[in-house]
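Observations on the model geometry
The residues making up each chain are set out below.
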Amino acid sequence: MLIERESQVASLLQYAEEARVSTGRLVLVSGEAGVGKSSLVEELQRRLIHATWAWGLCDGLFTPRPLGPVHDLARELGGSLLDAVRGSASRDEIFDAVLQTAAEVDDLAVLVLEDVQWADEATLDLLRFLGRRVAKLPVLLLVTFRNDALAPDDPLRLALGELAGQRVTRRIDLPPLTAAGVGRLTEGTSYLAEEVYAITGGNPFFVNELVSHAGSGVPISARDAVLSRAARLSRAAREALDLASLDSCRVDPVLLGRAGDVPLSCFDELVAAGLLRSDGLTLRFRHELSRRAVESEVPPHRRAAGHRALLKALTASGCDDEARLAYHAEGAGDAELVATFAPRAARRAADLGAHRESAAQYERSLRFPPAEPRALAELYDAVAEQAGLLDDWSRAATAYERAIELWRDLGDDRREGLDHGRLRTVYWNLARGEESVASLERALTLLEPLGPDPALARLLATRGVQIWGADPGEGRAMVDRALAMAAAFDDAAALGDVHNTAAIAAHLSGEDWRPHLHQAVRLAVESGSYDEAGRAYYNLMAFCAEEFAYAESEQYWREGIAYCEENELATWARCIRGLRAIDLLNQGHWDEVISVTDRVFATQPGPVALLVSQLTKGLVLARRGEPGATELLRAAAGTADGIGEAGWIALTRRACAEERWLAGDDECARQEIDRVRSVLTDGDADEDAPTGVWERRLFRSSRAELPAAGPWATWLTASPEVAAACWDDLGCPYYAALALADSESKPDLQEAITRFDALGAVAAGRRTRQKMKDLGHRAVATGARPATRQHPLGLTRREGEVLELLSEGLTNDQIATKLVLSTRTVDHHVSAVLTKLGVSSRGAAAAEARRRDLV
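**Here's the deal with the overall build of the protein**
Tallying secondary structure elements over the protein gives 46 helices and eight strands in all. Relative to the compact-globule value of 29 Å for 855 residues, the protein shows a C-alpha radius of gyration of 32 Å, a close match. Its C-alpha atoms put the protein at 95 × 75 × 50 Å along the principal axes. Here the protein holds 855 residues, and 55% of them are scored as buried. Element-wise, carbon and sulfur atoms account for 50% of the exposed surface of the protein, whose accessible area totals about 35900 Å². Positive and negative side-chain charges in the protein, numbering 98 and 128 respectively, have mean positions lying 4 Å apart.

**Points about the pattern of salt bridges**
Summed over all chains, the structure comprises 72 salt bridges. Linking R20 and E17 is a salt bridge whose minimum nitrogen-to-oxygen distance equals 2.7 Å. Of this pair, R20 and E17 both sit in helix α1 (residues 6-21), three residues apart, which is roughly one turn of the helix. For R20, a relative accessible area of 37% corresponds to the partly exposed category. The closest approach of N and O atoms between R574 and D391, which form a salt bridge, is 2.3 Å. Pair noted here: R574 is in helix α30 (residues 570-586) and D391 is in the loop between α20 (373-389) and α21 (393-410), with a separation of 183 residues, a long-range link. The class for R574 is buried, based on a relative accessible area of 11%.

**Side note on helix α43 (residues 797-807)**
Residues of α43 that are buried: E799, G800, V802, L803, L805, L806 and S807. Once α43 ends, the next one or two residues include G809, with phi positive near 95°.

**Things to note about the side chain of R424**
With respect to the element layout, R424 can be found in helix α22 (residues 413-429). In contact with R424, other than residues within four places in its own chain, are S436, S439, L440 and T462.

**Quick look at the confidence of the model for the protein**
With 95% of its residues at a pLDDT of 70 or more, the protein shows a mean pLDDT of 90. The least confident element of the protein is helix α42 (residues 786-790), whose mean pLDDT is 47; the most confident is α21, at 97. Between residues 215-219, whose pLDDT stays under 50, and residues either more than four places distant or in other chains, the model counts ten contacts. Long-range and interchain partners of residues 785-789, a stretch whose pLDDT sits below 50, account for five contacts in this model, where long-range means more than four residues apart.

**Brief notes about the packing of aromatic side chains**
In this description, a pair of aromatic rings is defined by centroid distance and the angle of the planes. This structure, assessed with the given rule, holds 19 aromatic pairs. When the ring of F548 is compared with that of W727, the centres are 5.1 Å apart and the planes differ by 85°; the resulting orientation is edge-to-face. Of this pair, F548 sits in the loop between α28 (530-546) and α29 (550-566) while W727 is found in helix α38 (residues 720-730), placing the two residues 179 residues apart along the sequence. W727 shares its class with F548; the two are buried. According to the relative accessible area criterion, W727 is buried, its value standing at 0%. Members of the aromatic cluster, each reached through a chain of ring pairs, are F548, Y550, W590, W712, W715, W727, Y734, Y735 and F756. Across from the ring centre of W661, 5.5 Å away, lies the NZ or CZ of R697, which sits over that ring. Just above the ring of W694 sits the side chain of R697; from NZ or CZ to the centre is 4.3 Å.

**Thoughts on the environment of C732**
As for its position among the elements, C732 is in the loop between α38 and α39 (733-741). On a C-alpha basis, the gap between C732 and A629 in space is 21 Å, while along the polypeptide they are 103 residues apart.

**Structural notes on the sheet that holds strand β7 (residues 276-279)**
Strand pairing in a sheet relies on backbone hydrogen bonds, with the paired strands running either antiparallel or parallel. Strands sit in the order β6-β8-β7 across an open sheet of three strands; the sheet is antiparallel. The two strands at the open ends of the sheet, each matched to only one other strand, are β6 (250-251) and β7. Most of the contacts of helix α14 (residues 264-272) go to β7, to which it runs at about 105°, and overall it touches β6, β7 and β8 (282-285).

**A look at the pairing of strand β3 (residues 109-114)**
Along β3, six of the six residues are buried, which leaves the element largely enclosed by surrounding structure. Alternating positions in β3 separate into two faces, A109, L111 and L113 on one and V110, V112 and E114 on the other, with burial throughout.

**Observations concerning the side chain of N539**
With respect to the helices and strands, the residue N539 is situated in helix α28. A residue is classified by how much of its surface remains accessible, and N539, at 7% relative accessible area, is buried.

**Structural notes on helix α24 (residues 454-466)**
The end-to-end C-alpha distance of α24, which contains 13 residues, comes to 19 Å, matching closely the 18 Å that a straight helix rising 1.5 Å per residue would cover. Among the 13 residues in α24, eleven count as buried, and that is most of the element. Where α24 begins, the side chain of D453 points an oxygen toward the backbone nitrogen of A455, at a separation of 2.7 Å.

**Some points on the nonpolar core**
Judged by nonpolar contacts, the single largest core of 51 residues is most densely connected at W712, W715, W727, Y734, Y735 and F756. In terms of residue count, the dominant contributor to this core is α39 (eight residues). F756 has contacts with Y734, A737, L738, A741, A761, A764, G765 and T768, leaving out every residue within four places of it along the chain. Counting residues in hydrophobic clusters, the runner-up holds 48 residues, among them I94, V134, L137 and A354.

Reading guide: rules and limits
- Residues numbered from 1 in each chain as written.
- Predicted model: local features only at pLDDT ≥ 70, side-chain atom pairs only at ≥ 80, totals over all residues.
- Heavy atoms only, no water.
- Helix = DSSP H or I, 4+ residues; strand = E, 2+ residues; numbered from the N terminus.
- Rg over C-alpha atoms; globule rule 2.2 N^0.38 Å.
- Buried < 20%, exposed > 50% of the residue type's maximum accessible area, 1.4 Å probe, protein only.
- Areas by Shrake-Rupley, 256 points an atom, 1.4 Å probe, with all protein chains shown as cover.
- Lys, Arg positive; Asp, Glu negative; His and termini not counted.
- Charge placed at Lys NZ, Arg CZ, Asp CG, Glu CD.
- Salt bridge = Lys/Arg side-chain N within 4 Å of Asp/Glu carboxyl O.
- Contact = heavy atoms within 4.5 Å.
- pLDDT = per-residue confidence, 0-100.
- Phe/Tyr/Trp six-rings, centres within 6.5 Å; stacked < 30°, edge-to-face > 60°.
- Lys NZ or Arg CZ within 6 Å of the ring centre and 35° of its normal.
- Pairing = 2+ DSSP bridges.
- Axes fitted to C-alpha atoms, helices over the stretch in contact; angles between N-to-C directions.
- Expected span 1.5 Å × (residues − 1).
- Polar contact = N/O pair within 3.5 Å; in protein donor to acceptor, adjacent residues only side chain to side chain.
- Core = buried A, V, L, I, M, F, W, Y, C linked by side-chain atoms within 4.5 Å.

And the structure:
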């Protein structure tokens, strides 16, 4: 019986009709194990008899075959999709085939992907792909998953977050049954509904297992209920059930007949006992919990024998699922077959973008290590490469270190040198800066005597940038040599990488870095070098951010994040979001900063990928006077110290100094700025003036050299009013207010407080008010009044007046005249209103105000 699911069925029927007549739908059906997700979908199938249905199952028994559910769909739908999965089609070709095959179905196509908590990365990528495209097709895509056991860093969590933002997505969460629902299921049995509800918590699967138990008492668990059924089977049927539990939730009678000489009558007995159920042309366990209960009771000696029998039957039948074969080979303890199937499964998984599954298959191979050292070193290299793509830098470091030992013992200088070059990147991402530099130097020592090479060109460029500050001439010569070397090879990826690095050198020397980065993007995209393209977009945004070129940065943000999401570049997407947060921080859009950085935090990135998000969110909290800033900024500074590069240390330590200054701890703030000054060299000119601004604020004098032109130089050399105007022109309201707060003039300080209040910079406003008191100025502004805090959007009375006039279509000059204010003050009020409404234009602000009945 399907109890207490009427509303969910009605919703699914509605979504199906919407998909059929107008817009395709992706429906996420979630709930704990056994709550009835499959039963709900099966009920929908009984009601949509004219639709074309196809089911794909994710299996949690072994490291899955990439796109395993798509193979299931292909067997049911046929067409170009079946041709794609049977051939050697690429991932993109398979994804296109899914769409094409679904589009060719008459009326409505219903595609079901079950248990995606066990999905491989490629399948999760497919869901993202379909989520962006299914709207145009008469397709209902149903995705079921368990939401009761997802780790914080589970890849499904990130995928769900992205899918939830699609306009075609709908959610259905299945709760357990109520006590009344359990009572309906226990009617006519000898069990007390209250007792069953207390034991099962309303889980429908557990309830059904218990009430169908033939004993006189209630078993202590559903597992015991399943095993009690199995205990009543004939010996042949029990052996068949045990064998089936070792393979998958889906049961193939023909395969088990070959593996264990199982007669068909055994399957009839298993179905009659309620342990298996029909599933098209095959059978399946009634639930994964049932399969696991049975598997847990299989003795070790019978387990190994079962795996051997299944492996033999699968290979004899021509099975091409190498992930499944590798799983059984390991279960059988057959090292030779593991060495045959696991690396093949790993390579295919990598080709399809399923890097988790690829790494797992390579590590399976390492559990049966080859005796030949070269083959073993190559396995460690493969594990390290896949781990790096997963942001699992610790695992990558361990694997590369072991591979390097093996290459050194073999006397293979080239392979050892290449791995040192790769380990350099891994160490950097772990914030192990000194080790990163040492690995790079070792790589160059090994590779340079071997002659020109694309890998050597990449490393030379990197080393040239590293030494640029200490020796610009030598650094430039090394980068130029790298460009010439890379251009001599037919290797677009290497040349793009060197241009990427050469752009950093150009930026350091104050030259135009854009040609190098535009070339890097072009080469990377054309050659399919996704990682290099992500890096190039990151550098484009980073350099624009340093120049406060927000319009240009916005363009690269849109292009870069779209490219990274389309090509599943999770690491670069996190880094680019961090840079986006810097732009938003400087422009005063602080609520958006929190939104962007929280999305990064949810993905559990490595320390370096997390650094910028920690920095930006920490500064927002510090400026607002909210808790949590110290911890975030200290963590970012610790990572920067580990990297050991002056630019990162300066950026994070100045942020720590600001947080301490805002908190009134000037001595600690001075220590942070002293730390910055101690690491700066002649090659760190970009950090000199910003540090000098803080030195003047904290020490009353600056140690900066005569700075070049730019907003930080203006801040050091011009009046507070001129500096503020400079920052206003750049669109940086907080810095403009802070420049005015450096003044001792009462009007400047009052203007600074007005601006801080508009931004919600409570701590900065508090610090400035205290400065006015210390200087003996009276009539200090008191900050936001209770009426302001009570406003639904936190607008001040004046901001509310500005919004009303803005909604009438008045210009800032006209508003200034009407309210008897300066145009500059109105400019700041309008900026604050846009920020608090979360919009980017005056027209959008007026529309939002009308929608919220604020005017």
